[in-house]
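Single-letter residue listing:
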Amino acid sequence: MTCYQEITCPTCGSGNNIMKSGRSALGIQRYRCRNPGGGTKTFMPSYRYKALEPSVKTQAVDMAINGSGIRDTARVLKISKNTVMHLKTSSG
Ligand SMILES: [Zn+2]
């Protein structure tokens, strides 16, 4: 049995019927729920900042250093504002 990260569907909350569905532009694995009512929407696991892709983290810190706003950084890197804020406060 392979050990892998537990993924749960943000729509129905179940983790029993999740399948992989390609990757995002940033290389983050996307998933899709196959349960009835889960629809065909893909979703990405909500990474905590520690599990953030290293390249994204670097870019976020760079943008913060260069004076980009939290909202801009979050939008460009497609990460949450909370994550940006955390990186910003922990980078100095
Ligand atoms: Zn679901």
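Coordinates for the structure precede this section.
What counts as what
- Residues numbered from 1 in each chain as written.
- Predicted model: local features only at pLDDT ≥ 70, side-chain atom pairs only at ≥ 80, totals over all residues.
- Heavy atoms only, no water.
- Helix = DSSP H or I, 4+ residues; strand = E, 2+ residues; numbered from the N terminus.
- Buried < 20%, exposed > 50% of the residue type's maximum accessible area, 1.4 Å probe, protein only.
- Contact = heavy atoms within 4.5 Å.
- Donors = N, O, S within 2.8 Å, 3.2 Å for Na, K, Ca; no water.
- Polar contact = N/O pair within 3.5 Å; in protein donor to acceptor, adjacent residues only side chain to side chain.
- Core = buried A, V, L, I, M, F, W, Y, C linked by side-chain atoms within 4.5 Å.

Caption draft 1: Looking closely at the environment of Met63. Inspection of the secondary structure puts Met63 in helix 1 (residues 54-65). On the accessibility criterion, Met63 (17% relative accessible area) is buried. Sequence-distant contacts of Met63, that is, excluding residues within four places in its chain, are made with Ser68, Asp72, Thr73, Val76 and Leu77.

Caption draft 2: Representation of the coordination of the zinc ion in the model. All of the protein donors around the zinc ion are Cys9 (SG), Cys12 (SG) and Cys33 (SG); their distances to the metal are 2.2 to 2.3 Å. One chain supplies every donor for the zinc ion, spaced along it as C-x2-C-x20-C. One end of the pair, Cys9, is in the segment before strand 1 (18-23); the other, Cys33, is in strand 2 (residues 29-33), and 24 residues separate them in sequence. For Cys33, a relative accessible area of 2% gives the class buried.

Caption draft 3: Looking closely at the side chain of Asn35. You can see Asn35 is positioned in the loop between strand 2 and strand 3 (42-43). You can call Asn35 buried: its relative accessible area is 18%. Within polar-contact distance, the side chain of Asn35 engages the side chain of Ser14 at 3.3 Å. Of note is the side chain of Asn35, whose polar atom sits 3.0 Å from the side chain of Asn17.

Caption draft 4: Molecular detail of the environment of Thr58. Within the secondary structure, Thr58 sits in helix 1. Residues Thr58 and Leu87, 29 residues apart in the sequence, show an inter-C-alpha distance of 9.3 Å.

Caption draft 5: Fine view of the nonpolar core. In this structure, Val56, Ala60, Val61, Met63, Ala74, Leu77, Ile79, Val84 and Leu87 together form the largest nonpolar core, which totals 9 residues. Listing elements by their share of this core, those giving two or more residues are helix 1, helix 2 (70-77) and helix 3 (81-91). Per-element accounting of this core gives the leading share, 4 residues, to helix 1.

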